[in-house]
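Take a look at the letters that make up each chain.
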Amino acid sequence: MTHLEKLEALSVHILREAYREFKSLVMLWSIGKDSTVLLWLTRKAFLGHVPFPLLHIDTGYKIPEMIEYRDKFAKAWHLNMLVGENSSALGSHQTFPDGKLNRIECCKALKSEALKHTLSGEWPRKRFDHNLGDYIIDQNVEAFTGVIVGVRADEEGSRSKERYFSPRDKQNDWDIGDQPPELWHQFKTDFAPGTHIRVHPLLDWTELDIWEYIAKENIPIIPLYFNRGDGKRYRSLGCYPCTKPVDSTATDIRGIVEELKTGKFVNIAERAGRDQDKEDGGGLETLRREGYM
Amino acid sequence: MNVVVVGHVDHGKSTIIGRLLADTHSIPDGKLEQVKATCTRNAKPFEYAFLLDALKDEQAQGITIDTARSFFKTEKRRYIIIDAPGHIEFLKNMITGASRADAAFIVIDAKEGIQENSRRHGYIMSMLGINQVAVIVNKMDLVGYNEQKFNEIAREYSEFLGRLNLRPVSFIPISAINGVNIGARSTDIAWHKGPTVLEQFDAFELKDSRTSLPFRLPVQDIYKFTEAGDDRRIFAGTISSGTAKVGDEIVFLPSGKTSSIKSIESFNTTEKKKASTGEATGFTLTKQVYVKQGELMVKASDPMPLVGARFRANIFWMGKAPLIREKRYTIKLNATRSSLKLVNIINVIDASDLSSEKNKQQVDRHDVAECILETLRPVAFDLVKDIKFTGRFVIIDNYEIAGAGIILEKVADQDSTLHDYVRDREFSWESGTISPAERAAIYGHGAKFVVFTGDETTTKDIIATELEKQLIHSSFKTYYLRMSNVIRGLDSDIKYGPEEREEHIRRLGELARILTDSGQIFITSVTNVDDYDIKTLQLLNSPHEILVVNIGENKFNSLVPDLNLEAGAKAGAAVEAVFSLLRQKKVLLDFQI
């Protein structure tokens, strides 16, 4: 087996394990390349089907093309698509772009809080109705106990220590010092009432692996990742006030792979364009302990 | 290739990796500066270990708490380096890291020499089945790059590993802090002719002998996405060893059901005729068989795995509470789970010095023990010496993976725990002066436990209700008990889930024992039962007898129900059939009807 085939097999195994063990399962889809690969791997695991809902947390500041892309594939692939948001923070303009919060606080409000309450079912979820072709308020308010997330170990220090199956307590807290053992394809799939599990099928993938896999499988990725004539492309997608495109000549997947392998990004951290990581020594770790993905 | 770095706390694992990454330019440009800047801000001298010990707690305490993955590549291949913590508190993290490895470096401090965890980690490598091990003797600068000191450590540690049947591929003297023998050689250790750390990475072999082994597929799940208009019934799982092709005859164990491979299913690939070790794949079969997830799918032409409920195993215990005999655990073995009991502890080994203790009554945290374990129902497995991938398991205690083990031998299980228990119970059962025969004579009929099985809950209920009515109207002492009443009453203290199922079955069996002993015809209906559940009920109800009436598709493996009714059977005809069976079994005598 090739390197990519091995990565794919383990991810598929983890997805199947999650589907078998958790009745109330959801996958987070940020529209970015990693979670889109995750979605593709789900179709691999279930032979073309996606047997659980996908959840997108809309901060209201996503690049508009991301929303178009999301709805296009929700239709094409018959996805059970859910959308959640922090409507009170957005409604009362308590955000970083409004000048009311710093970047970290804004991430916490629009992403962590929105995610937490959407997962628990306390805040309304919008579901894409395939007959109407539009979003309606979902009647199901059951809490999700298993959440599949596309984080990668190479992204950042605290992520390199994650488990494939990572428990969170009632407060969504991650106890880094006391994580469950995982060995021989056996994961923590038993959990006490009130706790839930984050599942990380992409943990062993690097940014380069992701792009090489996208190329191999010909996965339709959002074009924001490519230079479309202005000499700029996004390397990592987020909210437009906090995510800057990088200078690049890569107009297609092959160009990106070249850039990562031998070109200008060979030694530049992927999240270098994300401003919230730089705010304190362990910015992302602080956010992750509190539930950020 | 996955390579783990283990060893005693403070012997320099993270520093070695940090240095290796820095020297080979494997660190993203931002990161080194970022960590250095954080050090300056906090007035701490920079250390290479900080690159890996990125978590706040770790930098504060200067130790690695959890395993971290780092990515690194040479001309030859890509590596994931797993940095495992050396502190005893975090042994389960070390095991997590090491279990993913194809090869291992064990780090020993030249000045401190071999320590408790140097040995314990060596033991764990052997148990995890990692047989490519290289030993790094670090901090050679602290012993003046002395060759004799290095040789002493190498000799002593080789001797220790030899007792575990592990032969290290190399011993490498280094100084991580000075970058000696990591990526480049140094005149300080001109006497060392073996590889550097970097050279050793490429010298490890990525052996995969698994494809030549017998075919084993733990059935992870069975998919049928009917609502999405897909009629394929797909047996999904990851092949743990061997190869299978379209057309191969296959057997599922422990059920023993057979079929053959019709197709190999995949998404976004060309049509596949063959699948091999490591692939997460799916099969459809030519003949439909009823098989539960968790069974082991094997090829009929291959050597068969073993099937049994008792085995001898080496286990490593990580649980906060000790492993004891009085408690029920859950075993996860391949894709199956089952209730598990510790039958006997043969030997407890202290992994730090290999001394053993024979008379220990429990297995404590960080102990390694040889013991006899028993699953509630038979499971399929291989011995670790034959096929290690299907011969190892984990034990769950209180939601946590608390133990890991490897199977050494199957043990005869005729005299299982349940048999012992029923024998003891019957031996001391105190009856009144009325014998069962006398009771039957007075009541005018015998006692019986009638169990309805099959998927059709409503049909079962209608038939059972009608049967009770007709038996009572014919003056037979009869009682129909709905399982829902048991769950809300007698069983209200236990949850309703797969893990608690055994306890529900046990209580039902005990209840049946009492009611049949009172001379009644006791009727109930259960769903989703298999051969073992019925055998358990039968055993618990003994010395009285059980009558199994199955409605709809017969999903038993080898058990033959006393009566099979077709799906949607009419109550009148069904009751008539049960009556005639009861007459046949002499529970009801002809003249009484």
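The structure displayed is predicted, hence computed values, not measured ones.

Another aspect to go through is the overall build of chain B. Across its full length, chain B carries 15 helices and 27 strands. Of all 593 residues assigned to chain B, the portion counted as buried reaches 44%.

A separate point is the overall build of chain A. Helix and strand content of chain A: eight helices and ten strands. A burial count over chain A gives 54% of its 293 residues as buried. Across chain A, every contact between residues at least 6 apart in sequence was considered, and the portion connecting residues at least 24 apart equals 72%.

Residue and element names in this part refer to chain A. The eight strands are arranged E5-E4-E3-E2-E1-E6-E8-E7 in an open sheet whose pairing can be described as mixed. Two strands lie at the open edges of the sheet, namely strand E5 (134-137) and strand E7 (165-168), each paired on one side alone. When strand polarity is set aside, the average angle formed by the axes of neighbouring strands in this sheet is 30 degrees.

Reports of interface size often rely on the accessible area that becomes lost once the parts have come together. Annotation of chain B at the domain level lists domain 1 (2-207), domain 2 (211-299), domain 3 (313-416) and domain 4 (432-592). If you average the C-alpha positions of domain 3 of chain B and of domain 4 of chain B, the two centres end up 36 Å apart.

Glancing now at the sheet that holds strand E7 (residues 216-218) of chain B. Residue and element names in this part refer to chain B. Strands sit in the order E7-E15-E11-E12-E14-E9-E8 across an open sheet of seven strands; the sheet is antiparallel. The open sheet has two free edges, formed respectively by E7 and strand E8 (221-223), since each of these has just one partner strand. Pairwise comparison of adjacent strand axes, ignoring direction, gives a mean angle of 40 degrees for this sheet. Relative to strand E14 (residues 280-285), strand E9 (residues 234-238) runs antiparallel, the two being bridged by four bridges. When the sheet's bridge partners are listed, Ala236 is paired in E14 with Gly282.

Bringing the packing of helix H11 (residues 457-473) of chain B against helix H15 (residues 571-584) of chain B into the picture now. Residues and elements named next belong to chain B. At a closest axis distance of 9 Å, the pairing of H11 and H15 adopts a crossing angle of 60 degrees. The orientation of H11 relative to H15 falls into the category oblique. Classified by chirality, the crossing of H15 by H11 is right-handed. Residue-level contacts link Ile462, Ile463, Glu466, Leu467 and Gln470 of H11 to Ala571, Ala574, Val575 and Val578 of H15.

Another point: the pairing of E5(A). In the sheet, strand E4 (residues 126-129) of chain A pairs with E5(A) via four bridges, with the strands oriented antiparallel. Bridge pairing links Asp129(A) to Asp134(A) in E5(A).

Attention shifts here to the nonpolar core. Residues Val3(B), Ala98(B), Ala104(B), Ile136(B) and Val137(B) are the most contacted members of the largest nonpolar core, which totals 178 residues. For this core, the element with the most residues is helix H1 (residues 3-21) of chain A, which contributes eight residues. Those residues in contact with Ala98(B) that sit more than four places away from it in its chain are Val4(B), Val6(B), Ala84(B), Ala104(B), Ile124(B), Met125(B), Leu128(B) and Ile130(B). Formed by 32 residues, the second largest nonpolar core is a distinct cluster that contains Ile463(B), Ala464(B), Phe476(B) and Ala569(B).

Residues and elements named next belong to chain B. Of the two faces of strand E24 (residues 478-481), the one holding Thr478 and Tyr480 is buried and the one holding Tyr479 and Leu481 is not buried anywhere. Pairing of E24 with strand E25 (residues 521-525), which is carried by four bridges, proceeds in the parallel orientation. Opposite Leu481, over in E25, you have Thr524 as the bridge partner.

Okay, H15(B) next. Residue and element names in this part refer to chain B. Taking 1.5 Å of rise per residue, the 14 residues of H15 would be expected to cover 20 Å, and the 20 Å separating its terminal C-alpha atoms lies within 8% of that figure. Elements that come into contact with the buried residues of H15 comprise strand E23 (448-453), H11, strand E26 (546-551) and strand E27 (563-565). Looking one or two residues beyond H15, the residue adopting positive phi is Lys586, at roughly 65 degrees.

What follows covers the environment of Ile250(B). All names here are of chain B. Secondary-structure assignment places Ile250 in strand E11 (residues 249-253). Note on Ile250: 23 C-beta atoms within 10 Å, which makes it buried. A sequence separation of 45 residues divides Ile250 from Glu295, and the C-alpha atoms of the two residues are 12 Å apart. Not counting residues within four places of it along the chain, the set of residues in contact with Ile250 comprises Thr258, Ser259, Ser260, Ile261, Met297, Val298, Lys299 and Ala300.

Turning next to the environment of Trp429(B). As for its placement among the helices and strands, Trp429(B) is situated in the loop between helix H9 (417-427) and helix H10 (436-443). Residues Trp429(B) and Tyr443(B), spaced 14 residues apart in sequence, show a C-alpha to C-alpha distance of 22 Å.

Low pLDDT means the predicted coordinates in that region are not meant to be read closely. Residues at a pLDDT of 70 or more form 92% of chain B, whose mean pLDDT is 85. For chain B, per-element mean pLDDT is lowest for helix H4 (residues 56-61) of chain B, which scores 50, and highest for E7(B), which scores 97.

Residues and elements named next belong to chain B. For helix H13 (residues 501-517), which comprises 17 residues, the first-to-last C-alpha distance of 24 Å matches the rise-based estimate of 24 Å (1.5 Å per residue) to within 8%. Three or more residues of H13 are buried, namely His504, Leu508, Gly509, Ala512, Arg513, Leu515 and Thr516. Taken together, the buried residues of H13 touch E23, E24, helix H12 (483-488), E25 and helix H14 (531-541). Two residues or fewer after H13 comes Gly519, characterised by a positive phi angle close to 95 degrees.

In this section: unusual backbone geometry. Of note, the amide linkage connecting Leu253(B) to Pro254(B) takes the cis form, showing an omega dihedral of 10 degrees. Within the secondary structure layout, Pro254(B) lies in the loop between E11 and strand E12 (258-265). Residue Pro543(B) is reached from Ser542(B) by a cis peptide bond, and omega for that bond is 10 degrees. If you trace the backbone, Pro543(B) turns up in the loop between H14 and E26. Unusually for a residue other than glycine, Leu47(A) sits at a positive phi of about 50 degrees. Summarising the element assignment, Leu47(A) is placed in the loop between helix H2 (33-45) and strand E2 (54-57). For Leu47(A), a count of 17 C-beta atoms within 10 Å corresponds to the partly exposed category. Here Asn218(A), not a glycine, exhibits a phi torsion of approximately 60 degrees, which is positive. Summarising the element assignment, Asn218(A) is placed in the loop between helix H6 (207-217) and strand E9 (232-233).

Residues and elements named next belong to chain A. Within the secondary structure, Lys232 is located in strand E9. Each C-alpha atom, one on Lys232 and one on Ile221, is 17 Å from the other, the two residues being eleven residues apart in sequence. Ignoring anything within four residues of it in the chain, the contact list for Lys232 reads Asn227, Pro245, Val246, Asp247 and Ser248.

Calculation notes
- Numbers given for residues are sequential positions, taken from 1 along each chain in its written order.
- Throughout, the order in which chains and ligands are written sets their labels, letters from A for the former and numbers from 1 for the latter.
- Reporting of local features is limited, given that this is a predicted model, to residues whose pLDDT is at least 70; pairs of side-chain atoms are given and counted only at 80 or more, and all residues count toward the totals for whole chains, interfaces and linings.
- Helix numbers and strand numbers start at the N terminus; a helix is a DSSP run of H or I with at least 4 residues, a strand a run of E with at least 2.
- Each residue is classified by how many other C-beta atoms fall within 10 Å of its C-beta atom, where C-beta atoms are placed from the backbone; a count of 20 or more means buried, 12 or fewer means exposed, and values in between mean partly exposed.
- Note on contacts: residues are paired as contacts if their backbone-placed C-beta atoms lie within 7 Å.
- Paired strands are those between which DSSP finds at least two bridges.
- The axes used here are C-alpha line fits, helices contributing only the stretch in contact, and every angle between their N-to-C directions lies in the interval 0 to 180 degrees.
- Segmentation into domains, and thus their bounds, comes from an automatic or database assignment.
- In what follows, roughly perpendicular refers to angles from 65 to 115 degrees, roughly parallel to angles under 35, roughly antiparallel to angles over 145, and oblique to any angle outside these ranges.
- A crossing counts as left-handed when the near helix is turned anticlockwise from the far one by less than a right angle, and as right-handed when that turn is clockwise.
- Any nonpolar core is a set of buried residues, restricted to Ala, Val, Leu, Ile, Met, Phe, Trp, Tyr and Cys, that join up through C-beta atoms within 7 Å.
- Given a helix with a known number of residues, its expected span is that number minus one, times 1.5 Å.
- Predictor confidence is given residue by residue as pLDDT, running from a minimum of 0 to a maximum of 100.

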